[in-house]
Amino acid sequence: MSGPLEPVDSLEPGERSHEATVEAIAAALPQWLPSQRWFAGKDREVTGVRPLTWSTILDGDPLLLHLVVEVEQDDRAEPYQLLVGSRRSEVPDVASSVTIVDVDGATFYEACGDADLTSALLDSMADGTLVDGLHFESEPGAELARGLRAHPITTEQSNTSLVYGSQYILKLFRKLSPGVNKDLLLHRALREVGSQHIAEPLGSISGTLAGEPTTIGMLQRFMTDAVDGWVMATTSVRDLMADPSVAPEELGGDFAGEASRLGAAVADVHADLRTALGTEDADADELERTVQVMLDRLDRVAADVPELAPHVPGLRDAFDAMRHHPVPVEMQYVHGDLHLGQVLRTLGGWLILDFEGEPAASVAERSRLRSALRDVAGMLRSFDYAAQQLLVGRPDDPILTDVAMSWAHRNREAFCDGYAEVAGSDPRDAAVLLRALELDKAVYEVSYEHANRPDWLSVPLASIERIMTEGSS
Ligand SMILES: Nc1ncnc2c1ncn2[C@@H]1O[C@H](COP(=O)(O)OP(=O)(O)O)[C@@H](O)[C@H]1O
Ligand SMILES: O=P(O)(O)O[C@H]1O[C@H](CO)[C@@H](O[C@H]2O[C@H](CO)[C@@H](O)[C@H](O)[C@H]2O)[C@H](O)[C@H]1O
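The shown structure was predicted, so the numbers you read here are calculated from the model rather than taken from an experiment.

As a further point, take unusual backbone geometry. Residue P62 is bonded to the preceding D61 through a cis peptide linkage, with omega at 5°. Relative to the elements of secondary structure, P62 occurs in the loop between β1 (46–58) and β2 (63–73). At D104, a position not held by glycine, the phi torsion is positive, near 50°. Assignment of secondary structure puts D104 in the loop between β4 (99–103) and β5 (106–110). Notably, A210 is not glycine yet its phi reads approximately 50°, a positive angle. Note on placement: A210 falls in the loop between β11 (201–209) and β12 (212–221). Residue classification places A210 among the partly exposed residues on the basis of a relative accessible area of 32%.

Moving on, we get to the pattern of salt bridges. Inspection of the entire model under this criterion finds 40 salt bridges. Two residues, R345 and E258, come together in a salt bridge whose shortest N-O distance is 2.8 Å. Within this pair, whereas R345 is found in strand β16 (residues 343–346), its partner E258 is found in helix α5 (residues 256–277), the two being separated by 87 residues in sequence. D440 is the salt-bridge partner of R374, the closest N and O atoms lying 3.3 Å from each other. Residue R374 is found in helix α9 (residues 373–388), and its partner D440 is found in helix α11 (residues 431–452); the two are separated by 66 residues along the sequence. Accessibility assignment for this pair places R374 and D440 in one class, buried. Connected through shared salt-bridge partners, R297, D337, E358, R374, D440 and K441 make up one network.

Another point: the site of ligand 1. The local shell around ligand 1 holds 16 residues, among which K171, R221, G341, Q342 and D354 are the closest. Backbone polar atom of G341 to an oxygen atom of ligand 1: 2.8 Å apart, as the coordinates give it. In isolation ligand 1 has 560 Å² of accessible area, and contact with the protein removes 90% of it. Class assignment for the residues of the shell around ligand 1 results in 7 nonpolar, 5 polar and 4 charged.

To continue, consider the sheet that holds β16. Taken in spatial order, the 3 strands of this open sheet run β13-β16-β17, and their pairing is antiparallel. In the strand order of this sheet, the two ends are held by β13 (227–228) and β17 (349–352), each with one partner. Of the pairings in the sheet, the one linking β16 to β17 comprises 4 bridges and is antiparallel in character. Residue pairing for β17: V343 is matched across the bridge by I352. Along the sheet, α5 makes contact with β16 and β17, crossing β17 at roughly 50°.

Moving on, we get to helix α2 (residues 115–127). Taking 1.5 Å as the rise per residue, α2 with 13 residues should run 18 Å; its terminal C-alpha atoms sit 19 Å apart, in good agreement. Of all 13 residues making up α2, 10 are buried, and the element is well covered by its neighbours. Along α2, the residues classified as buried are A115, L117, T118, S119, A120, L121, L122, D123, S124 and M125. A positive backbone phi angle near 65° is found at G128, which sits one or two residues after α2.

Segmentation of the protein chain into domains returns domain 1 (8–221) and domain 2 (227–472). Computed from C-alpha atoms alone, the centre-to-centre distance between domain 1 and domain 2 is 30 Å. The partner domain 2 presents 27 residues to the 24 residues of domain 1 that form the contact. On inspection of domain 1 and its partner domain 2, the count reaches 1 salt bridge. Taking the shortest distance from any N to any O, the salt bridge between K171 and D354 comes out at 3.1 Å. On inspection of domain 1 and its partner domain 2, the count reaches 13 residue pairs in polar contact (both at pLDDT 80 or more). In terms of residues, the side of domain 1 that touches domain 2 owes the most to one element, helix α3 (residues 182–192), which gives 6 residues. Residue classes in the side of domain 1 that touches domain 2 are distributed as 8 nonpolar, 8 polar and 8 charged.

What follows covers the site of ligand 2. Taken together, 14 residues sit near ligand 2, with S158, D337, S382, Y444 and E445 positioned nearest. Side-chain polar atom of D337 to an oxygen atom of ligand 2: 2.7 Å apart, as the coordinates give it. At 2.9 Å, a side-chain N or O of Y448 approaches an oxygen atom of ligand 2. If ligand 2 stood free it would expose 530 Å²; the protein chains cover 93% of that surface. When residues of the shell around ligand 2 are traced back to their parent elements, those giving at least two are α9 and α11. Split into classes, the residues belonging to the shell around ligand 2 amount to 6 nonpolar, 4 polar and 4 charged.

Basis of the calculations
Residues numbered from 1 in each chain as written. Chains lettered and ligands numbered in written order. Predicted model: local features only at pLDDT ≥ 70, side-chain atom pairs only at ≥ 80, totals over all residues. Heavy atoms only, no water. Helix = DSSP H or I, 4+ residues; strand = E, 2+ residues; numbered from the N terminus. Buried < 20%, exposed > 50% of the residue type's maximum accessible area, 1.4 Å probe, protein only. Salt bridge = Lys/Arg side-chain N within 4 Å of Asp/Glu carboxyl O. Near = heavy atom within 4 Å. Polar contact = N/O pair within 3.5 Å; in protein donor to acceptor, adjacent residues only side chain to side chain. Areas by Shrake-Rupley, 256 points an atom, 1.4 Å probe, with all protein chains shown as cover. Nonpolar A, V, L, I, M, F, W, Y, C, P; charged D, E, K, R; others polar. Pairing = 2+ DSSP bridges. Contact = heavy atoms within 4.5 Å. Axes fitted to C-alpha atoms, helices over the stretch in contact; angles between N-to-C directions. Expected span 1.5 Å × (residues − 1). Domains from an automatic or database assignment.

Set out below in structure tokens:
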């Protein structure tokens, strides 16, 4: 969760045509935004939406506008981007949920699902054009195909991704921050050092926000042979739950081998990030700052989510313990929000996606160098999630709970084994730090679930309870 923001300056103004339309769209957004999966502020009322700027990507009929709007909520004002389409000559074939507003007899709708309109984005990147203040570029050496149609992916996402043919995936970052997006920055750095564990970055779209060139989209190679880690992991847990009498290691869908290879891939990426972008040693001030950030987050989340209250004293102790058990920490660029939905198993091995960091963290927080153990903690949390999500909404069943917890334990250990083998040091040796990082991540998840998937709040809360109990036994 970020605090109040300074007012954001306008993007470089595009043509002022369509001004009245843009105002009408902005006026409709307070009602429309909260129903969008990618909107990060669903748990707070939208008190106003102000257009910061807009660009006309296609003019006439059909019309394709790019808007950056500032969304005001009680304690913050944040910029979001939207692609808005309209057609006069034919009724658009789009779901009613994406309709934003009717203006003068024309329907204006969220255009990410309109393949006739979104093909213009790829074509503009292939051509390297500047369209009404938006720069469309391909990465050095990338020869992009033109004329491909796109469909949005349906995964639950913080952003919106469009798949072009079976070749490319374009991620449109929804909540914008001035500057080059960390996801693009780290993908470029990893490509420079020849990382084997990323999908190649191929293009980008940028505008200007608060006077800075700002990434609004990133194009990557689409991996057709990929399955995401979350799907693989949850399939494995389901198989085990379906027949609890089978030992996990005898199960056809045992995930431990993959978990270990994933640990090795994450350690490789950490090493590549160090090579590409360097490291710094953490000093006592850094440790103090880290503990304080965790305590502050705990206070903020506990104020919003009463269910966290009983755990607050124990969580405070866990964070405080870092002060009494300091370990030498090398600070480096990390992924920042690593979980099973951010990793893809391809024929060539594991790829890591989405280096943007936690969607709710401030840009300053996301851009900091951190301990690589943050990513290890994120993935450990994800094994817990994969195990527990099948228990959500079911009556208590001690046998199934036991199966789920054994699966999580087995795969968490395998992941750490794989990581340790490549990194040369075992994350489990820094037990106090790793425990605090896991709990801090779980506090973040409490806030994330409260805002996005209240039904799942029980998942991070149960983990906090478990970690606390293990710690006190
Ligand atoms: N290069 C790719 N090839 C295939 N699928 C991808 C690729 N990049 C992303 N995906 C799919 O899109 C999903 C969302 O991508 P991600 O970058 O994590 O978006 P977000 O930032 O919105 O969470 C991933 O979980 C994965 O299933
Ligand atoms: O992928 P995003 O960058 O949008 O990350 C956000 O959403 C994730 C959920 O999609 C959320 O991850 C949490 O749920 C996952 C299962 O859906 C689980 O694997 C993760 O371990 C858990 O943290 C992530 O926290 C949030 O930032």
